[in-house]
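One letter stands for each residue in the lines below.
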Amino acid sequence: MLDHPPSTRASAARTPAAGGEPRRMPRWSTDDVAALFELPFSDLLFRAQQVHRAHHAPNAVQLSTLLSIKTGGCPEDCGYCPQAARHHTGVASGPVLDVGAVLDAARAAKGAGATRFCMGAAWRGPKDRDLEPVLDMVRGVKALGLETCCTLGMLRDGQAESLAAAGLDYYNHNLDTSPEFYGEIVTTRGQDDRLDTLARVREAGIRVCCGGIVGMGESRRARAALIAQLASLDPPPESVPINHLVQVEGTPLHAKLHGESAIDPLEFVRTIAVARVTMPASTVRLSAGRRELGEAVQALCFLAGANSVFYGDRLLTTGNPDVGADRALFAKLGIAPA
Ligand code: SAM
Ligand code: DTB
Ligand code: SF4
């Protein structure tokens, strides 16, 4: 049984510390993480609770509201995504929203209790001219007193710096699944492309929001490899969204899995707990798929160390628990928005 964090070794990214020595960071191997997955359920949750309470307020949840600022028509082929142009999901391609409409939505999100506003675009990556209105959105949302987050795809030279200068707090860019399984889900880019953008975001001084999706037919070993990869980023992401695949008709994953969940709910809870144990200081977000999970499984996810959710009736193109249902759930569990 793995009772201690793995031994400290030189991290994959050997950032020189003051004095020129490579910084030594704890780094999780897939075997280390797989051993956590193998623990008896109660032992794993107990361990996750201990880590959680040592680093976070035990009954607080951070609320982020999502808005799709550019929907559909994406050239990529991500097998899970309803917004890929090549998937026939009924999601139409729309223009970039007006800044005014985005700020109205941000005001409403703040009024409902969100502290962060996340703007998502169905791009492979923004062209420089696409970025201009987004910078205005970031400045405007920031001026409302909300934290800002964007997820716009891959970034090129100078774009992360422009977003940082506009006041962007977080950039969401997920590794999505293990390196070994990635090619079965996405073929139009590789994980190295994702790592390149993550490095640009870090370099620009923007906080990193990076996680993945489970329930795509991956093995437990693949889930362990994804968590190991996230936990070994140097430093680990400040925010780690764990998405439960939302199967949308017309996507390749829906065709493969026929709308039936490919992950047992308790295995999903284990994934949250393992993320908590391996990334003690990070916010772990119980992300897409909450509607399908139901209240009891969500309660277990909070017990396992989740301390953030997407809040609001919609994710990007799919549904989310409505605000009233979430407030009732938080009240039942004695959880307070942070
Ligand atoms: N186009 C950009 C990109 O892919 O980086 C940003 C938007 S994209 C929709 C953001 C993330 O949403 C993806 O990386 C994936 O993790 C998540 N996502 C997309 N479709 C999903 C689904 N059906 N179920 C769960 N998560 C999903
Ligand atoms: C993340 O990890 N999950 C969010 C956010 N980052 C952008 C997106 C979930 C999308 C679910 C499918 C949809 O609504 O289109
Ligand atoms: Fe495009 Fe992002 Fe959807 Fe992939 S996940 S198809 S990049 S919008």
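Remember, predicted model here, so these are calculated numbers, not experimental data.

Thresholds applied
- Residues numbered from 1 in each chain as written.
- Chains lettered and ligands numbered in written order.
- Predicted model: local features only at pLDDT ≥ 70, side-chain atom pairs only at ≥ 80, totals over all residues.
- Heavy atoms only, no water.
- Near = heavy atom within 4 Å.
- 1 Å grid on protein atoms, 1.4 Å probe; cavity = no way out; pocket = protein on both sides within 12 Å on 5 of 7 lines; lining within 4 Å.
- Sits in = over half its atoms within 2 Å of the grid points.
- Nonpolar A, V, L, I, M, F, W, Y, C, P; charged D, E, K, R; others polar.
- Polar contact = N/O pair within 3.5 Å; in protein donor to acceptor, adjacent residues only side chain to side chain.
- Areas by Shrake-Rupley, 256 points an atom, 1.4 Å probe, with all protein chains shown as cover.
- Salt bridge = Lys/Arg side-chain N within 4 Å of Asp/Glu carboxyl O.
- Helix = DSSP H or I, 4+ residues; strand = E, 2+ residues; numbered from the N terminus.
- Buried < 20%, exposed > 50% of the residue type's maximum accessible area, 1.4 Å probe, protein only.
- Axes fitted to C-alpha atoms, helices over the stretch in contact; angles between N-to-C directions.
- Parallel < 35°, antiparallel > 145°, perpendicular 65-115°, else oblique.
- Left-handed = near helix turned anticlockwise from the far one by under 90°.
- Contact = heavy atoms within 4.5 Å.
- Points joined across faces, edges and corners; volume = space filled by probe spheres on them.
- Right-handed = clockwise from strand over helix to strand, strands pointing away.
- Pairing = 2+ DSSP bridges.

### Regarding the site of ligand 3
If you check the shell around ligand 3, you find C74, E76, C78, Y80, C81, A84, A122, W123 and R189 and nothing else. Most atoms of ligand 3, that is more than half of them, are within 2 Å of grid points of the largest cavity. For the shell around ligand 3, the class distribution of residues is seven nonpolar, no polar and two charged.

### Topic: the site of ligand 1
Contacts to ligand 1 come from 17 residues, most closely from Y80, N174, D176, R194 and V246. Note that an oxygen atom of ligand 1 is positioned 2.6 Å from one of the side-chain N or O atoms of D176. A distance of 2.9 Å separates a nitrogen atom of ligand 1 from a polar backbone atom of V246. When the free accessible area of ligand 1 is taken as 550 Å², the share hidden by the protein chains comes to 90%. Mapping ligand 1 onto the cavity grids shows that it belongs to the largest cavity. For the shell around ligand 1, the class distribution of residues is nine nonpolar, six polar and two charged.

### Some points on the pattern of salt bridges
Tallied over the entire structure, the rule returns 17 salt bridges. The partner of D136 in a salt bridge is R139, with the nearest N and O atoms 2.9 Å apart. Placement of both D136 and R139 in helix α4 (residues 128-143) is noted, with a separation of three residues, approximately one turn of the helix. In this structure, E267 and R223 form a salt bridge, with 3.0 Å as the shortest nitrogen-oxygen distance. Taken as a pair, E267 in helix α10 (residues 265-278) and R223 in helix α8 (residues 220-231) lie far apart in primary sequence, 44 residues in all. For the pair E267 and R223, one class covers both residues: buried. Residues joined in a network through salt bridges with shared partners are E38, E218, R220, R223 and E267.

### Some thoughts on the packing of α4 against helix α5 (residues 159-166)
Taken N-terminus to C-terminus, the directions of α4 and α5 make an angle of 20°; their axes are 9 Å apart at the nearest point. With respect to α5, the axis of α4 lies roughly parallel. Two packed elements cross with a definite hand, and for α4 against α5 that hand is right-handed. On α5, the residues touching D128, L131, V134, L135, V138 and R139 of α4 are Q159, S162, L163 and A166.

### Observations concerning empty space enclosed by the protein
Across all of its chains, the model carries one cavity of 30 Å³ or more by this definition. Taken as a whole, the largest cavity encloses approximately 840 Å³ of empty space. Forming the boundary of the largest cavity are 41 residues, of which Y80, C81, Q83, N174 and L316 lie nearest the centre. Elements with a minimum of two residues in the lining of the largest cavity: β4 (116-121), β5 (147-151) and β9 (239-244). For the lining of the largest cavity, the class distribution of residues is 23 nonpolar, 11 polar and seven charged.

### A few points about the side chain of S282
Along the chain, S282 falls in the loop between α10 and β10 (283-286). Using a relative accessible area of 4% as the deciding quantity, one classes S282 as buried. In this view, S282 contacts H56, P236, P237, E238, V240, R276 and N307; residues no more than four positions away in its chain are not counted.

### Here we look at the packing of helix α1 (residues 30-38) against α10
Across the interface, α1 lies against α10 with an axial gap of 9 Å and an inter-helix angle of 130°. In terms of orientation, α1 and α10 fall into the oblique class. With respect to the hand of their crossing, α1 and α10 are arranged in right-handed fashion. Residues V33, L36, F37 and E38 of α1 touch α10, and the partners they reach there are E267, R270, T271, V274, V277 and T278.

### Considerations on the pairing of β9
Regular strands have side chains that alternate between both faces of the sheet. Counting buried positions over the six residues of β9 gives six, a clear majority of the element. Crossover strand β8 (residues 212-214) to β9 through α8 is right-handed. Judged from the four bridges that link them, β9 and β10 form a sheet pairing that is parallel. Residue P241 lies in a different strand from β10, and its bridge partner there is R285.

### Looking at the environment of H56
Mapped onto the elements, H56 comes out in the loop between α2 (41-55) and β3 (60-70). A relative accessible area of 15% means that H56 is categorised as buried. The sequence separation of H56 and V323 amounts to 267 residues, and the corresponding C-alpha distance is 24 Å. Beyond its immediate sequence surroundings of up to four residues, H56 is in contact with R276, P280, A281, S282 and N307. For H56, the side chain forms a polar contact with the side chain of R276, separated by 3.5 Å. A distance of 3.3 Å separates polar atoms of two side chains, one belonging to H56 and the other to N307.

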